[in-house]
Amino acid sequence: MIGLVSATVAGAAARDRLAAAWPERTRVYDGPVADAVRRAFAECEQLVCFLATGAVVRLVAPLLDDKRNDPGVVCVDEAGRWAVPLVGGHGGGANDLARAVGEVLGAEPVVTTATDAVGLPGLDTLGLPVEGDVAGVSRALLDGEPVALRAEVAWPLPPLPVADEGAYAIRVTDRLVEPAEREAVLRPPSLVVGVGASRNAPAEEVLGLVEGALRDAGLSPASLAEIATVDAKAGEPGIVAAAERLGVPLVTYPAGELARVEVPNPSAAPLAAVGTPSVAEASALARGGELLVPKRKSAMATCAVVRRPGRGRLAVVGLGPGARDLLTPRAKAELRRASVLVGLDQYVDQIRDLLRPGTRVLESGLGAEEERARTAVAEARRGRAVALIGSGDAGVYAMASPALAEASDDIDVVGVPGVTAALAAGAILGAPLGHDHVSISLSDLHTPWEVIERRVRAAAEADIVVTFYNPRSRGRDWQLPKALAILAGHREPTTPVGVVRNASRADESSRITTLGDLDPATVDMMTVVTVGNTATREIAGRMVTPRGYRWQEEAE
């Protein structure tokens, strides 16, 4: 919950705007300001104070205890121009809260945390337990000193400016080790413990068995991702309590699914009891991995420990038509999250300034689409966080199709939509896509012309607005005239046609002409051509396709 505190009429107005935007997340604290701040600090995970920073400093200073537990506090000025993370920038989430508040109120977030200020991800913001010399390693990263990355477990981390060797180090491990001097240790959630138990097995026995198995194998409980068991034991009190005490979810599987998992130590007892020859080993191995601790027994319980490899992450990102303000916030976030960026060189140049320090860029030229797709998937399979970029929407005549044809279910895939060229051109022209419409690429490099022509004829006969991508190039100059001729067989010469070149870019140009007057020689590969249907009209210099055909009937 986010507590909201204000002292003036102007502050209350901004407070109420935020409360209206986040009704389920916020709680307004009224009354004397000092009392309101104390109550909110005690009851909420975060605070937004519509007060001067000096006042908030004096109010919260006596309340501060530990940055790992204190709520994040953001100050917003009287005019609502600035959102300042005052306390708990990382641990309390105040930096992210300030950015979110800024989006709602139009305020500028003023983030002074060193790593955030220079674009480095804080080691304590990665969502992984971290210990050791976090401050020293972070300072070394900020100062540009060599920091070695020692990844004993592959895990998809955001970009970090690391080296093979260095006086400081970041160690990624699930081993039970003490951090060395000048070393920060990140604990990825790579361990799964499978558990079986007799009815009413004591929670202390189950917990002791699990903790002992991890300890004896030299594995850290901080890297435990989940406890797994068979469905029949989903409500077993000892197993449920052990998972709660360890702070991890309890995941269960049907007995039939576990019976199909190959294990080194099957047994007749669980087969008779719950329908599978293995519970502990099979549930730990149900989603793959390396068996680190084979089945161990206590009087009433069994357990086994598996290390699952970190699943790589592939984000297929649409960059939009080119203008920076048409690049979505989600796309920006994925670009900053990826440690590996794969893309066409000219698209990489568009967003290079948005990448975090340490991002590895793999770029190539035109014609290497399949190679880029294979490269992105291969990098993700190595356990890395990868962004594969394309213009417009990556799923429209771009990189999503070849990448997903290459990928299997061994990596996580995230699609990030972008503004397409057809949409960008449509917004410039007016409302040409107001009714049913279709996009057709006239490039026959990947699709036979016979197929393209059949699709153009179908759109012409169905009276659908058509947007042509890749309409004409130096070596391919006859397809557009042919496509226009097909449409002309079903539409009047006066049908409006919109021509937009480099939509949303600095050298953007556009014009509205007609099907009879369009000169194909004025069109190139950077152009999008939108041909209206029989209802499309030019109104006040804008191309408009009505949502229904009543217009056309009334005009007749």
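Please refer to the structure placed before this passage.
Let me sum up the structure you'll find in this document.

Counting its regular elements, the chain contains 19 helices and 28 strands. In the chain, which comprises 556 residues, the share counted as buried stands at 48%. Sequence-distant contacts, at least 24 apart, represent 63% of the contacts inside the chain between residues at least 6 apart. As displayed, the chain has an accessible area near 25900 Å², and 50% of this comes from carbon and sulfur atoms. When the 58 positive and 71 negative side-chain charges of the chain are each reduced to one mean point, those points stand 1 Å apart.

Despite not being glycine, Y397 shows a phi value in the positive range, around 50°. Within the secondary structure, Y397 sits in the loop between β19 (385-390) and α15 (400-406). Taking relative accessible area as the criterion, Y397 reaches 45% and is therefore assigned partly exposed. Its identity as a non-glycine residue notwithstanding, A540 has a phi of 55°, on the positive side.

Residue position: N502 is located in the loop between β24 (496-501) and β25 (509-514). With relative accessibility at 7%, the residue N502 sits in the buried group. Beyond its immediate sequence surroundings of up to four residues, N502 is in contact with D507, E508 and M526.

With that out of the way, let us pick up the environment of L4. Relative to the helices and strands, L4 resides in strand β1 (residues 2-6). Residue L4 is classed as buried on the basis of its relative accessible area, which comes to 0%. Sequence separation of L4 and V48 is 44 residues, and the distance between their C-alpha atoms is 5.1 Å. Those residues in contact with L4, other than ones at most four positions away along the chain, are R15, L18, A19, T26, R27, V28, Y29, V48 and F50.

With that out of the way, let us pick up the sheet that holds strand β10 (residues 183-186). Within the open sheet, the four strands sit side by side as β7-β10-β9-β8. Their pairing is mixed. The strands lining the two open edges of the sheet, one partner per strand, are β7 (130-132) and β8 (147-151). Between one strand and the next, the sheet's axes are offset by a mean angle of 20°, whatever the strand orientation. Direction of pairing for β7 relative to β10: antiparallel, over a ladder of three bridges. Counterpart to G132 in the pairing with β10 is A184. Helix α6 (residues 134-143) contacts β7, β8, β9 (168-172) and β10 of the sheet and is inclined by roughly 115° relative to β9.

Cut-off values and rules
Along every chain, residues carry numbers that run from 1 in the direction the sequence is written. Residues qualify for local features only when their pLDDT is at least 70, as the model is predicted, and side-chain atom pairs are given and counted only at 80 or more; totals for whole chains, interfaces and linings, by contrast, use all residues. Processing note: side-chain calculations cover all non-hydrogen atoms of the structure and skip hydrogens and water entirely. Going along the chain from the N terminus, every DSSP run of H or I of four or more residues is numbered as a helix, and every run of E of two or more is numbered as a strand. Buried, partly exposed and exposed residues are distinguished by accessible area as a fraction of the type maximum, computed with a 1.4 Å probe on protein chains only: under 20%, between the cut-offs, and over 50%, respectively. Note on contacts: a residue pair qualifies if any of its non-hydrogen atoms lie within 4.5 Å across the two residues. Note on areas: Shrake-Rupley with a 1.4 Å probe; residue coverage comes only from the protein chains shown. Positive charges are assigned to Lys and Arg, negative charges to Asp and Glu, while His and the chain termini are left out of the count. Just so you know, the charge point we use is NZ for Lys, CZ for Arg, CG for Asp and CD for Glu. A pair of strands is treated as paired once DSSP finds two or more bridges between them. Helix axes are fitted only over the stretch in contact, all axes being lines through C-alpha atoms; the angle between N-to-C directions runs from 0 to 180 degrees.

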